[in-house]
Amino acid sequence: QLHLVESGGGLVQPGGSLRLSCAASGPKLDYYTIGWFRQRPGKPREAISCIGNSYGETLYEDSVKGRFTISRDDAKKTAYLQMDRLKTEDTAVYYCAALFGALHTCYHNIYSTDTTMDYWGTGTQVTVSS
């Protein structure tokens, strides 16, 4: 099965940037939709971005749109989340996740409270503080 490991988290000042990586092992990543999720203190886990398995379609939750960029490199079996202009409210544990197949389930996750994916990493902490 697919195994996912996040990295790149850490402490950053407001307005700063981080790039998170999600390294996959196991099957080829090409067939999987990838999502990034986060869990902010005192709040449930939420989907914030998705990238599709076919045409590379991307989706973003409103709070990160324009600041975060999701990407993937299937040859390297790695997905990324570039986070710019970070805010204190971005402080959270960030998770990558994968779904075998198309984008629609991840799309649904963005626009609902669902977090339905097939495979999950164990998370990386991002702390935005001065």
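Note that the coordinates shown come from a computational prediction; the quantities given were computed from them, not determined experimentally.

Draft legend 1. Main features of the packing of aromatic side chains. Applying the stated rule across the entire model yields six aromatic pairs. Taking the centre distance of 6.4 Å and the plane angle of 80° together, the rings of Tyr-95 and Trp-120 count as edge-to-face. With Tyr-95 in strand S9 (residues 92–100) and Trp-120 in strand S10 (residues 119–120), this pair connects stretches of sequence that are 25 residues apart. For the ring pair Tyr-107 and Tyr-111, a centre distance of 4.9 Å and an interplane angle of 55° mean the geometry is tilted. In textbook terms, an aromatic cluster arises when at least three aromatic residues are bridged by ring pairs, as seen for Tyr-31, Tyr-32, Phe-100 and Tyr-119. Across from the ring centre of Tyr-95, 3.7 Å away, lies the NZ or CZ of Arg-45, which sits over that ring.

Draft legend 2. Main features of the state of the cysteines. Taken as a whole and assessed by the stated rule, the structure comprises two disulfides. Covalently, Cys-22 is tied to Cys-96 through a disulfide, its sulfur atoms 2.0 Å apart. Looking down the S-S bond of the Cys-22 and Cys-96 bridge, the torsion is 65°, so its handedness is right-handed. Placement of Cys-22 in strand S3 (residues 18–25) and of Cys-96 in strand S9 is noted, with a sequence separation of 74 residues between them. Of the two residues, Cys-22 and Cys-96, neither departs from the other in class, the shared state being buried.

Draft legend 3. Molecular detail of the nonpolar core. If you look at the biggest cluster of nonpolar residues, it comprises 27 residues, and the most contacted ones within it are Trp-36, Phe-68, Leu-81, Met-83 and Tyr-94. Counting only elements with at least two residues in this core, the list comes to S3, strand S4 (32–39), strand S5 (46–51), strand S7 (68–73), strand S8 (78–83), S9 and strand S11 (124–128).

Draft legend 4. Quick look at the environment of Arg-19. With respect to the helices and strands, Arg-19 occurs in strand S3. Under the relative-accessibility criterion, Arg-19 is labelled partly exposed at 48%. Along the backbone, Arg-19 and Gly-8 are 11 residues apart, and their C-alpha atoms lie at a distance of 6.0 Å. In this view, Arg-19 contacts Ser-7, Gly-8, Tyr-80, Leu-81 and Gln-82; residues no more than four positions away in its chain are not counted.

The rules behind these values
Residues numbered from 1 in each chain as written. Predicted model: local features only at pLDDT ≥ 70, side-chain atom pairs only at ≥ 80, totals over all residues. Heavy atoms only, no water. Phe/Tyr/Trp six-rings, centres within 6.5 Å; stacked < 30°, edge-to-face > 60°. Helix = DSSP H or I, 4+ residues; strand = E, 2+ residues; numbered from the N terminus. Lys NZ or Arg CZ within 6 Å of the ring centre and 35° of its normal. Disulfide = S-S within 2.5 Å. Buried < 20%, exposed > 50% of the residue type's maximum accessible area, 1.4 Å probe, protein only. Core = buried A, V, L, I, M, F, W, Y, C linked by side-chain atoms within 4.5 Å. Contact = heavy atoms within 4.5 Å.

The analysis is restricted to geometry; functional conclusions fall outside its scope.
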